[in-house]
Amino acid sequence: MRFSFVVAVAVGGAAGAVARHLLTIAFPDTGPAFPWTTFAINVAGSFVLALLPAVASIRRHPILPPLLGTGLLGGFTTLSTYSEQTRALLASGHATTAGLYVVGTLAACLVAVAAADRLSTATQRREFDAEEGDL
Amino acid sequence: MTVLLVALGAAVGAPARYVAGHLLDERWPWGTVLVNWAGSFLLGLLVARGVSGDPLALLGTGFCGGLTTYSALAVHVHDRGPRLGSAVALVTLVPAIALCALGFRLGTG
C-alpha cells in the first residue's frame, strides 16, 4: 500500500461524503418515513462500484481503483447512517419500515451489483479487487 | 463551512477503512466488517449525546460516513456467493445495528 494511494482514498472519500451530504440536504430523510435518500445513495453507489472493473483505463492506472472505488464510492455510501436510521425506526415502533429498509437496501444493492457485473468478466473483477478498489 | 467539515471527517474515515481492509480483508472481509461496526456504534453514541450541526457534520456525516461503506459490502456479499456472502451480510448488518443501539444507550446513560 503506497502513501499516495492513502491520500487518493482520502480525497475520493471526502468528495463522496460531500456529495452524500448535499443530497441529504436537498432531499432530507425525516421522521418515521422510509429513508429513500440514503437508500438511493447506497444502491447507486453499489451499482457504480460494480461497474468500475469493466473500465479498462481504471484497471490500467493502479491509483484509480482506490481513488474511485474505495474512496469516492466508499465515502458516498454509508452503513453508519443506515444503522442509525434503522435503530431510530425500531425505537419509535416502526418495525415494519425498519425491516423493509434493512432487507430492501441489501436486496436492491445486490441486484444493482449483479446487473453491473454483467459488463465485466470475473478476471476483470479479480484484478479490480486485487487493486483494492472495493475496500 | 459545514461542507468542509464533512470533507475533513471523511478524509480521515475513508483512509482508515482502506488501511483496515488492506490489513484484514481476506476471504472473510474482517477489516470492512470491523469499520462498519465501529462507525455504526460511534454514530449511535453521537446521536444520543445530542451532537448536531457542525460537530455532527465532522464526526457523523464525515468521519462515520467515510469510515463505513455499503458499496464494498454489496460487492463483497455478491462476489462471495450465496453461502459465504449471506454470512458476511448477516455478520455485518445485525451487529452493526445492535452496536448502534448499544452506542445510543451508552450515550443517553
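The structure reproduced in this document is the subject of the present report. (Residues numbered from 1 in each chain as written. Chains lettered and ligands numbered in written order. Predicted model: local features only at pLDDT ≥ 70, side-chain atom pairs only at ≥ 80, totals over all residues.)

**Considering the interface of chain A and chain B**
And step 1. Chain A puts 43 residues into the contact, and the matching count from chain B is 44 residues.
And step 2. Listed by contribution, the elements that provide at least two residues to the side of chain A that touches chain B are α1 (3-26), α2 (36-51), α4 (64-76), α5 (80-91) and α6 (95-117) of chain A.
And step 3. Element by element, the count of residues in the side of chain A that touches chain B is highest for α1(A), at 11 residues.
And step 4. Looking at side-chain class alone, the side of chain A that touches chain B contains 20 nonpolar, 17 polar and six charged residues. (Contact = placed C-beta atoms within 7 Å. Helix = DSSP H or I, 4+ residues; strand = E, 2+ residues; numbered from the N terminus. Nonpolar A, V, L, I, M, F, W, Y, C, P; charged D, E, K, R; others polar.)

**Concerning the nonpolar core**
And step 1. Residues A:Ala14, A:Cys109, A:Val113, B:Ala10, B:Ala74 and B:Cys100 are the most contacted members of the largest nonpolar core, which totals 77 residues.
And step 2. Of the residues forming this core, the biggest block, 10 residues, is contributed by helix α2 (residues 30-48) of chain B. (Core = buried A, V, L, I, M, F, W, Y, C linked by C-beta atoms within 7 Å. Buried ≥ 20, exposed ≤ 12 C-beta atoms within 10 Å, placed from the backbone.)

**As for the packing of α1(A) against helix α1 (residues 2-24) of chain B**
And step 1. Axis separation between α1(A) and α1(B) bottoms out at 7 Å; the angle between their running directions is 135 degrees. Relative to α1(B), the element α1(A) lies oblique. Read as a crossing pair, α1(A) and α1(B) show a hand that is right-handed. Counting all contacts with α1(A), which are made through A:Val6, A:Val9, A:Ala10, A:Gly12, A:Gly13, A:Ala14, A:Gly16, A:Ala17, A:Val18 and A:His21, the residues of α1(B) involved are B:Val3, B:Val6, B:Ala7, B:Ala10, B:Ala11, B:Gly13, B:Ala14, B:Pro15 and B:Tyr18.
And step 2. Of the residues contributing to the contact of α1(A) with α1(B), the split by class is 14 nonpolar, five polar and no charged. (Axes fitted to C-alpha atoms, helices over the stretch in contact; angles between N-to-C directions. Parallel < 35°, antiparallel > 145°, perpendicular 65-115°, else oblique. Left-handed = near helix turned anticlockwise from the far one by under 90°.)

**Examining the environment of A:Asp134**
And step 1. When you line up the elements, A:Asp134 lands in the segment after α7 (122-130).
And step 2. Of the residues examined, A:Asp134 has 29 C-beta atoms within 10 Å and is grouped as buried.
And step 3. For the pair A:Asp134 and A:Pro65, spaced 69 residues apart in sequence, the C-alpha separation works out to 7.6 Å.
And step 4. If near-sequence neighbours (up to four positions away) are discounted, A:Asp134 is found in contact with A:Leu49, A:Gly69, A:Thr70, A:Phe128, A:Asp129, B:Ala72 and B:Val75.

**Overview of the environment of A:Thr70**
And step 1. In this structure, A:Thr70 sits in helix α4.
And step 2. Along the sequence, A:Thr70 and A:Glu132 sit 62 residues apart, while their C-alpha atoms lie 7.2 Å from each other.

**Digging into the environment of B:Thr68**
And step 1. You can see B:Thr68 is positioned in the loop between α3 (53-67) and α4 (71-79).
And step 2. By C-beta crowding, B:Thr68 is classed as buried, having 32 other C-beta atoms within 10 Å.
And step 3. Through-space distance from the C-alpha of B:Thr68 to that of B:Pro55 is 18 Å; in sequence the pair is 13 residues apart.
And step 4. Setting aside its immediate chain neighbours within four residues, B:Thr68 contacts A:Thr78, A:Leu79, A:Ser80, B:Val35, B:Asn36, B:Gly39 and B:Ser40.

**Description of α5(A)**
And step 1. Under the 1.5 Å per step criterion, the end-to-end length of α5(A) is 16 Å for 12 residues, consistent within 8% with the ideal 16 Å.
And step 2. For α5(A), a buried count of 10 out of 12 residues is recorded, marking the element as mostly surrounded by other parts of the structure.
And step 3. Regarding α5(A), the residues found buried are A:Ser80, A:Thr81, A:Tyr82, A:Ser83, A:Glu84, A:Gln85, A:Thr86, A:Arg87, A:Ala88 and A:Leu89.
And step 4. Turning to α5(A), the residues buried within the fold contact α2 and α6 of chain A together with α2, α3 and α5 (81-108) of chain B. (Expected span 1.5 Å × (residues − 1).)

**What to know about the packing of α5(A) against α6(A)**
Residue and element names in this part refer to chain A.
And step 1. Here α5 crosses α6 at 160 degrees, and the two axes come no closer than 7 Å. As summarised for this structure, α5 and α6 are arranged roughly antiparallel, according to the angle between their axes. Here the hand of the crossing between α5 and α6 comes out left-handed. Contact residues: Tyr82, Gln85, Thr86, Leu89 and Leu90 in α5; Ala95, Thr97, Ala98, Tyr101, Val102 and Thr105 in α6.
And step 2. Taken together, the residues that form the contact of α5 with α6 break down as seven nonpolar, four polar and no charged.

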